[in-house]
Amino acid sequence: MKKILVTGGTVFVSKNVAEYFAEKGHEVYILNRDNYEQPKNTKLIKADRNNLGDSLRNYNFDVVVDVTAYTKSDVKNLLDALNPVSQYVLISSSAVYPETLEQPFNENQKTGRNAIWKDYGTNKIEAEEYLFSKIPDAYVIRPPYLYGPQNNLYREAFVFDCAEAKRTFFVPKDGSMKLQFFYIKDLCQFIDIIIEEKPQNHIFNVGNEQLISVLDWVKLCYEVVGADLSVQNVYAQIEQRNYFSFYDYEYALDVSLQKLVFPKTTDLKEGLKQSYLWYKENKDKVNKRDYFGFIDGELK
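All values derive from a computational prediction rather than experimental measurement.

On to the pattern of salt bridges. Counted under the stated rule, the structure contains 15 salt bridges. With a closest N to O distance of 2.8 Å, Asp-80 and Lys-76 form a salt bridge. Of this pair, Asp-80 and Lys-76 both sit in helix α2 (residues 72-81), four residues apart, roughly one helical turn. With relative accessibility at 39%, the residue Asp-80 sits in the partly exposed group. Since its relative accessible area comes to 34%, Lys-76 is described here as partly exposed. Taking the shortest distance from any N to any O, the salt bridge between Arg-167 and Asp-296 comes out at 2.8 Å. Here Arg-167 is found in the loop between α4 (156-164) and β8 (169-172), whereas its partner Asp-296 is found in helix α9 (residues 291-299), with 129 residues between them in sequence. Overall, Arg-167 belongs to the buried group, its relative accessible area being 17%. Assessed through its relative accessible area of 38%, Asp-296 is described here as partly exposed. Overlapping salt bridges, with partners in common, bring together Arg-167, Asp-296 and Lys-300 in one network.

Structure follows, in structure tokens:
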């Protein structure tokens, strides 16, 4: 049994991570401001990660899984408040790769500003760099789009809503833009492998090896709901994020290093089934955008 600190713990990624390790019998502490329901079988440290004071001084953790660090200062403030830890895993992002690089992006390429993700990506880069300057043997994980139960972002849930309402789905252009996903439970398992096996590589892209087109992804979501799909292609020069869950940006991550330690990922349709089962009972837990209002007012 390990003593594990998970930052956050109440929303999507951090909540899944905390619950996963708690279910495995580890002693899991979560660090948050106690604004939401806490996961079962975890111990709360109530504090703001950027105003920690001495709140962590009486604790000694084997592992820190940092899900909620978005900037260098986020990492610095946590490290300053912690006693030494043997392992630190930072959840970063694929946004650290400039869109101008050759794809698929690999871990040896130089990171830099991405015109789509802007400061979010550069802040993640600074967080990674600062962490490695203090803990050279830390681990950094760079996922693509994450999905699955407890996803509070209006992505697959938006398509589920369209399918339940038997709406025609408005697909960007011809629907061929590719998306890359990673199931949240796979991320949890991968973190577990990192902690247990301590692989030689310290930066990992993660994700499904196979990308999927927008149209095929929408089809899977409708199939999971059990609805027939009709589509309307949108070729007009309209900002895609006004009516669809993703930016007009196609990218691919090379996940060959991940495959060496975690070769089999969850089938996308199976993962979407689990996501839909959760969503049907938790529709109030998703941060919805008014895509319907724009579609009905502008596209139709």
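Following the structure, the description resumes.
Attention now goes to the sheet that holds strand β4 (residues 63-66). Within a sheet, neighbouring strands are paired by backbone hydrogen bonds and run either parallel or antiparallel to one another. Reading across the sheet, the seven strands line up as β3-β2-β1-β4-β5-β6-β11 and stay open at both edges, with parallel pairing between neighbours. The open sheet has two edge strands with one neighbour each: β3 (43-46) and β11 (203-205). Across the sheet, the axes of successive neighbouring strands diverge by a mean angle of 20°, strand direction being ignored. By the bridge criterion, four bridges tie strand β2 (residues 27-32) to β3 in an arrangement that is parallel. Each residue of the ladder has a partner; that of Asn-32, found in β3, is Lys-46. Set on the sheet, helix α1 (residues 12-23) makes contact with β1 (3-7), β2 and β4; between it and β1 the angle comes to about 165°. The sheet contacts of helix α5 (residues 184-197) involve β4, β5 (87-91), β6 (139-142) and β11, and relative to β5 the element is tilted by about 155°.

Here we come to the packing of α4 against helix α6 (residues 214-225). Interaxial distance between α4 and α6 falls to 9 Å at its minimum, and their mutual angle equals 55°. What the angle tells us is that α4 and α6 run oblique. With respect to the hand of their crossing, α4 and α6 are arranged in right-handed fashion. Seen from α4, the contacting residues are Glu-156, Val-159, Phe-160, Cys-162, Ala-163 and Glu-164; seen from α6, they are Trp-217, Val-218, Cys-221, Tyr-222, Val-224 and Val-225. The class makeup of the residues in the contact of α4 with α6 is ten nonpolar, no polar and two charged.

Calculation rules
- Residues numbered from 1 in each chain as written.
- Predicted model: local features only at pLDDT ≥ 70, side-chain atom pairs only at ≥ 80, totals over all residues.
- Heavy atoms only, no water.
- Salt bridge = Lys/Arg side-chain N within 4 Å of Asp/Glu carboxyl O.
- Helix = DSSP H or I, 4+ residues; strand = E, 2+ residues; numbered from the N terminus.
- Buried < 20%, exposed > 50% of the residue type's maximum accessible area, 1.4 Å probe, protein only.
- Pairing = 2+ DSSP bridges.
- Axes fitted to C-alpha atoms, helices over the stretch in contact; angles between N-to-C directions.
- Contact = heavy atoms within 4.5 Å.
- Parallel < 35°, antiparallel > 145°, perpendicular 65-115°, else oblique.
- Left-handed = near helix turned anticlockwise from the far one by under 90°.
- Nonpolar A, V, L, I, M, F, W, Y, C, P; charged D, E, K, R; others polar.

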